[in-house]
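Close look at the chain arrangement
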Amino acid sequence: MMSSKKEGRFSVPELLEFNWRMWSFVLLLLLAGAVLFLNPVNPYHGYVDPFYSPTVFVIPIVALFRVTCYAYRKDYYRHVFKHPLACRADIRGEKDNRAYSGERTLFALNNFHRYFLYAGILILPFFYWDFYKSLIWQTGYFDLRLGSLLLLFNAILLTLWTVSCHAFRHLTGGRTDCYSCKAAPQFRKKFYLGQSFLNKFHENLAFISLVVVIGVDIYIRALMAGMPLDFTFIKVLL
Ligand code: FES
């Protein structure tokens, strides 16, 4: 008797598992969107929540930059959709009769990752500005607190994640055919090699920066709820 898999269909348990994972993923996204949009955080004691910097309206752009990132794409194709399972043609999904058709319909959005990167680069300076503002939030004082350091840590991680992006390599390495040639522009070569080094850690940076940005959001919400989680390291009159 032929199995349903050989006939090109999933068995019921497989279908349920696939749907269970897919719907959990969609539900998580909807919940995150609801928390962020329906319960915004205003600057609190000089702290601007990184999700709202510079404005709540950047959230969709940042979200698109995240979901089209190659690190997350690899993860949701392999572990959530389970298709394609790999780059190699023989194991990327054809064997279970789900012919790989490339990134079409909604997933055609992934092709615009480069443009979301450009938007992401424009947003980066605001995180450093928020850090700076948190230091001088009280007129006449310089105030270094735990929250300020968390804002800085988050800004640095987001920067590392952004500049280690695969599409960023196009910015640094594009239009130069040979970096080992004598005529290669040396400054760009150094920049390209540095970025290539960072690129090796891109996947880790993608996930660590996501955890940290969510952590900072929760931290600021916890402070607003009255939890005594902030500490002042230095406070001096200017
Ligand atoms: Fe991950 Fe571009 S590939 S941000």
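Residues numbered from 1 in each chain as written. Predicted model: local features only at pLDDT ≥ 70, side-chain atom pairs only at ≥ 80, totals over all residues. Heavy atoms only, no water.

A look at the overall build of the protein
Threshold: Only runs of H or I of at least four residues qualify as helices and only runs of E of at least two qualify as strands under DSSP, and these elements are numbered from the N terminus. With a 1.4 Å probe rolled over the protein chains alone, any residue whose accessible area is under 20% of its type maximum counts as buried; one over 50% counts as exposed, and the rest are partly exposed. Here, two residues are considered to be in contact whenever any of their heavy atoms come within 4.5 Å of each other. Per-residue and other accessible areas follow the Shrake-Rupley method at a 1.4 Å probe size, with only the shown protein chains counted as cover for residues.
Helices and strands together make up the secondary structure of the protein, namely 8 helices and 2 strands. Reading the protein from its N end, one meets helices and strands in the order α-α-α-α-β-α-α-α-α-β. With 238 residues in all, the protein has 34% of them scored as buried. In the protein, the proportion of contacts linking residues at least 24 apart, taken out of those at least 6 apart, comes to 70%. If you sum the accessible surface of the protein, you get close to 14,900 Å²; carbon and sulfur atoms cover 70% of it.

What about the environment of Thr 176?
By the secondary structure assignment, Thr 176 is in the loop between α6 (166-173) and α7 (186-199). Residue classification places Thr 176 among the buried positions, given a relative accessible area of 18%. Each C-alpha atom of the pair Thr 176 and Lys 189 lies 9.3 Å from the other, and the pair is 13 residues apart in sequence. Non-local contacts of Thr 176, meaning those with residues more than four positions away in its chain, are made with Pro 185 and Arg 188.

Focus on the packing of α6 against α7
Rules: Every angle, taken between N-to-C directions, lies between 0 and 180 degrees, and every axis is a line fitted to C-alpha atoms, over only the stretch in contact when it is a helix. Put simply, angles under 35 degrees are roughly parallel, angles over 145 are roughly antiparallel, angles from 65 to 115 are roughly perpendicular, and the rest are oblique. By the convention adopted, Pro, Cys, Tyr, Trp, Phe, Met, Ile, Leu, Val and Ala count as nonpolar, Lys, Arg, Asp and Glu as charged, and the other residues, Gly among them, as polar.
Running from N to C, α6 and α7 cross one another at 170 degrees; their axes reach a closest spacing of 9 Å. Our classification of the angle between α6 and α7 gives roughly antiparallel. For the pair α6 and α7, contact is made by His 166, Phe 168, Arg 169, Leu 171, Thr 172 and Gly 173 and by Arg 188, Phe 191, Tyr 192, Gln 195, Ser 196 and Asn 199, respectively. Here the contact of α6 with α7 is built from residues that sort into 4 nonpolar, 6 polar and 2 charged.

Let's talk about the nonpolar core
Here is the rule we go by: We define a nonpolar core as any set of buried Ala, Val, Leu, Ile, Met, Phe, Trp, Tyr and Cys residues linked to one another through side-chain atoms lying within 4.5 Å.
Residues Trp 161 and Ile 220 are the most contacted members of the largest nonpolar core, which totals 39 residues. Elements with a contribution of two residues or more to this core: α2 (59-67), α3 (70-80), α4 (113-135), α5 (146-163), α6 and α8 (202-224). Counting residues per element, this core draws most heavily on α8, at 8 residues.

Everything listed here is a matter of coordinates, which is why it stays silent on function.
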